[in-house]
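Listed below, chain by chain, are the residues.
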Amino acid sequence: MHRKHVIYVLKMTLACLVCIFLLDRLVYAVLSRLSDNVYSGQSVGKLNYFMNNNENFDIVFLGNSRVSRHIIAKDIGAKTLNAGVDGTYIFYSTILFDLLPHDLPQTIFFHVDPSLAIDSTYAGADVMFLQAFYHKIDEVASRIDESGMRNSFNPYLKSIDYNGSFLAVITNSVISRNSFEKNAGYEPNYITPKQQKQLKRQIEKFYQTEEQCSVNVQISPLYKESLVKLKTLAAERNKRLIFFTSPRFGDRCKNDNILFRQYMDSLQLTYIDDTDYFAENNKFEYWKDYVHMADDGARLYTERINRIIDSLGIAR
């Protein structure tokens, strides 16, 4: 009787595993087919657009929301792409750089942030923004595996790829629009007069408090590793690499900027620090919040980028 019970349990367990496997593959097949046709929304659509069109652009901007919300690609040129994704950092953008066509001459403007570069707790968790492509792009899979943040079931259950992006895939599949083609990746912030007043109060209150600046700052190991990797890849793959920091409303701590500038110079990397670009001519209507520009500010800053491109002799 005991032996029969064990055999029954084993059969039921095997049957459950087979059902889970088949259901997983079915769910993944459906979601994968839907996501392949999504070209809106940042969790999947923007990377789809990037992967399918990056060879068509001479100038590409990589970075986080301070790229996606600050750079009006179409005002720079027809062959310019804004590939910034909100909430991501240098690890994510380095992977996108690695996914660019290897032998195609391109100019890459890569956003960096001195305040994030000194964050010793940063471990590259933003790599998980790419999870939906774990079983589609080998480089993504290897970088997620290396990060140590992979779900232990991910190699076996493919539908886990869509944890966190399931609703976005469904929603954007129904909406079926290509917002990135229209704006070449730029995603504007618009601000109402009421929001401007709230922002003014918040910033005035902020400046009434004493800023606690970090001392004995150091560039984090992961940031250093990413910068060195980018320099190597650019040399190997015919890319002109320009690092930049887009404006903030204000920046009262300069230890990180000074240290980061010194480190970039030591690597002989081209770096433009525009943190204080609006310091002498600032207006509240330029801003959505303390670190993100509204559309009016983005238009002025894009003019600045155009002047940089011209001064560097970059073709477009």
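Preceding this section is the structure that the text describes.
Residues numbered from 1 in each chain as written. Predicted model: local features only at pLDDT ≥ 70, side-chain atom pairs only at ≥ 80, totals over all residues. Heavy atoms only, no water.

Caption draft 1: Focus on the packing of aromatic side chains. The tally for this structure, following the rule as stated, stands at 17 aromatic pairs. Both rings, one in Y28 and one in Y162, keep their centres 6.0 Å apart while their planes meet at 50°; by these two values the pair is tilted. Within this pair, whereas Y28 is found in helix 1 (residues 2-35), its partner Y162 is found in the loop between helix 6 (138-147) and helix 7 (166-175), the two being separated by 134 residues in sequence. Measuring from centroid to centroid gives 6.1 Å for F109 and F244, while their planes differ by 80°, and the two rings are edge-to-face. (Phe/Tyr/Trp six-rings, centres within 6.5 Å; stacked < 30°, edge-to-face > 60°. Helix = DSSP H or I, 4+ residues; strand = E, 2+ residues; numbered from the N terminus.)

Caption draft 2: Representation of unusual backbone geometry within the structure. In this structure, N238 takes a positive phi of about 65° despite not being glycine. By the secondary structure assignment, N238 is in the loop between helix 10 (221-236) and strand 4 (239-245). The phi dihedral of Q268 is positive, around 55°, even though this residue is not glycine. By the element assignment, Q268 lies in the loop between helix 11 (255-266) and strand 5 (271-273).

Caption draft 3: Region of interest: the sheet that holds strand 1 (residues 59-62). Read across the open sheet, the five strands follow the order 2-1-3-4-5; overall the sheet is parallel. On the outer flanks of this sheet lie strand 2 (80-82) and strand 5, each paired with one strand and no other. The mean angle between the axes of side-by-side strands here comes to 20°, regardless of whether they run parallel or antiparallel. Bridge count for strand 1 against strand 2 is three bridges, and the pairing is parallel. (Pairing = 2+ DSSP bridges. Axes fitted to C-alpha atoms, helices over the stretch in contact; angles between N-to-C directions.)

Caption draft 4: Fine view of the packing of helix 4 (residues 90-98) against helix 10. Here helix 4 crosses helix 10 at 15°, and the two axes come no closer than 10 Å. By the angle between their axes, helix 4 is roughly parallel relative to helix 10. Here helix 4 runs over helix 10; the crossing is left-handed. Contacts between helix 4 and helix 10 involve I90, F91, T94, F97 and D98 on the former and, on the latter, L222, Y223, S226, L227, K229, L230, L233 and A234. Looking at the contact of helix 4 with helix 10 residue by residue, the classes come out as nine nonpolar, two polar and two charged. (Parallel < 35°, antiparallel > 145°, perpendicular 65-115°, else oblique. Left-handed = near helix turned anticlockwise from the far one by under 90°. Contact = heavy atoms within 4.5 Å. Nonpolar A, V, L, I, M, F, W, Y, C, P; charged D, E, K, R; others polar.)

Caption draft 5: Region of the structure containing the state of the cysteines. A full pass over the atoms with the stated rule returns zero disulfides. C19 provides the cysteine sulfur closest to C16, a residue in no disulfide bond, and the two sulfurs are 6.5 Å apart. Exposure remark for C16: the relative accessible area of 42% places this residue in the partly exposed category. (Disulfide = S-S within 2.5 Å. Buried < 20%, exposed > 50% of the residue type's maximum accessible area, 1.4 Å probe, protein only.)

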